[in-house]
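Each chain, written out:
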Amino acid sequence: MLNQDELKRNVAQAAVEYALSCLQPDSVLGVGTGSTVDFFIDAIAPHRDRFRAAVSSSERSTARLRRLGITVLDLNEVEEMPLYVDGADEVDPGMSMIKGGGGALTREKIVASVAREFVCIVDESKVVDVLGKFPLPVEVIPMARNVVARKLRELGGEPRLREGFVTDNGCEILDVAGLRVTRPAEMEALINNIPGVVCCGLFAISGANLALVSTQQGVRRMSPGSAA
Ligand code: 5RP
């Protein structure tokens, strides 16, 4: 029986193989954040001569990439990216995701928006029928914390401040429990429109193009419309 780290390592390796089939020597690779992505960074590092550089979604991933000899560019220097690879906290059959367990949701959404393809790497525990069991992270401007929390309560959620956590953008995170997200794109737009919200951790308006899902039987592919 594979443990969760072994499942993460396997999906990271599958993502490396997928990435190497897409990347050219002049390509810039988008890299997400989290423990699954850490395995991906470690596994792609020996192949760093197969692509030009990376753009990263967090200070954490940037430090790891640089430590392993991968050039990290500022997103402002990059116009296109064939691929963005990132983990998720939950993914549904429509390839909408909850992200931000590591607090990097805003930069993740920005970097992902530049990439032609978003490949989500998860173990099977993250695949759900309906998003919302994992509390939805919402990044907020600190002065708006309470007003945003009140609005999120009106939407049926139970927001809780992530104590002692400051994002790479100097903001705070409200983790919103109790939501059953049956219409993820609508909910994403609604929350993004609350004044004071920097970004909500729903990735549904633009979800993943492909999920690599690590199971005890191997890594399987899931794409929009395919059975989970
Ligand atoms: C960070 C994220 C991560 O991708 C998500 O939390 C999954 O992390 P892990 O791979 O450690 O389970 O969105 O903001």
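This is a predicted model, so every value here is computed, not measured.

**Digging into the sheet that holds strand 2 (residues 53–56)**
The strand order 2-1-3-6-12-13 describes an open sheet built from six strands, whose pairing is mixed. Every interior strand has two partners, whereas the edge strands, strand 2 and strand 13 (218–222), have only one. The average undirected angle you get between the axes of adjacent strands in this sheet is 25°. Relative to strand 3 (residues 81–86), strand 1 (residues 28–31) runs parallel, the two being bridged by three bridges. Paired with G30 across the two strands is Y84, which belongs to strand 3.

**Quick word on the pattern of salt bridges**
Enumeration over the complete set of coordinates arrives at 10 salt bridges. Among the salt bridges present, the one from R64 reaches D38, with a minimum N-O distance of 3.8 Å. Note that R64 is positioned in helix 3 (residues 59–67) and D38 in helix 2 (residues 35–44), a separation of 26 residues in sequence. Judged by its relative accessible area of 22%, R64 falls in the partly exposed class. Judged by relative accessible area, which is 10%, D38 ranks as buried. Each of the salt bridges in this network shares a partner with another, and the network as a whole consists of D38, D42, R60 and R64.

**Digging into the packing of aromatic side chains**
Per the counting criterion, the structure on display carries two aromatic pairs. Between Y84 and F118 the ring centres are 5.0 Å apart and the planes differ by 80°, which places this aromatic pair in the edge-to-face class. Of this pair, Y84 sits in strand 3 while F118 sits in strand 6 (residues 115–123), and the two are 34 residues apart along the sequence. F118 carries the same exposure label as Y84, and that label is buried. The exposure class assigned to F118 is buried, which follows from its relative accessible area of 3%. Ring-pair connections join several aromatic residues into one group, and the members of that group are Y84, F118 and F203. Taking NZ or CZ as reference, K99 lies 5.6 Å from the ring centre of F203, over its face. It is K109 that lies over the ring of F203; its NZ or CZ is 4.9 Å from the centre.

Criteria and thresholds
- Residues numbered from 1 in each chain as written.
- Predicted model: local features only at pLDDT ≥ 70, side-chain atom pairs only at ≥ 80, totals over all residues.
- Heavy atoms only, no water.
- Pairing = 2+ DSSP bridges.
- Helix = DSSP H or I, 4+ residues; strand = E, 2+ residues; numbered from the N terminus.
- Axes fitted to C-alpha atoms, helices over the stretch in contact; angles between N-to-C directions.
- Salt bridge = Lys/Arg side-chain N within 4 Å of Asp/Glu carboxyl O.
- Buried < 20%, exposed > 50% of the residue type's maximum accessible area, 1.4 Å probe, protein only.
- Phe/Tyr/Trp six-rings, centres within 6.5 Å; stacked < 30°, edge-to-face > 60°.
- Lys NZ or Arg CZ within 6 Å of the ring centre and 35° of its normal.

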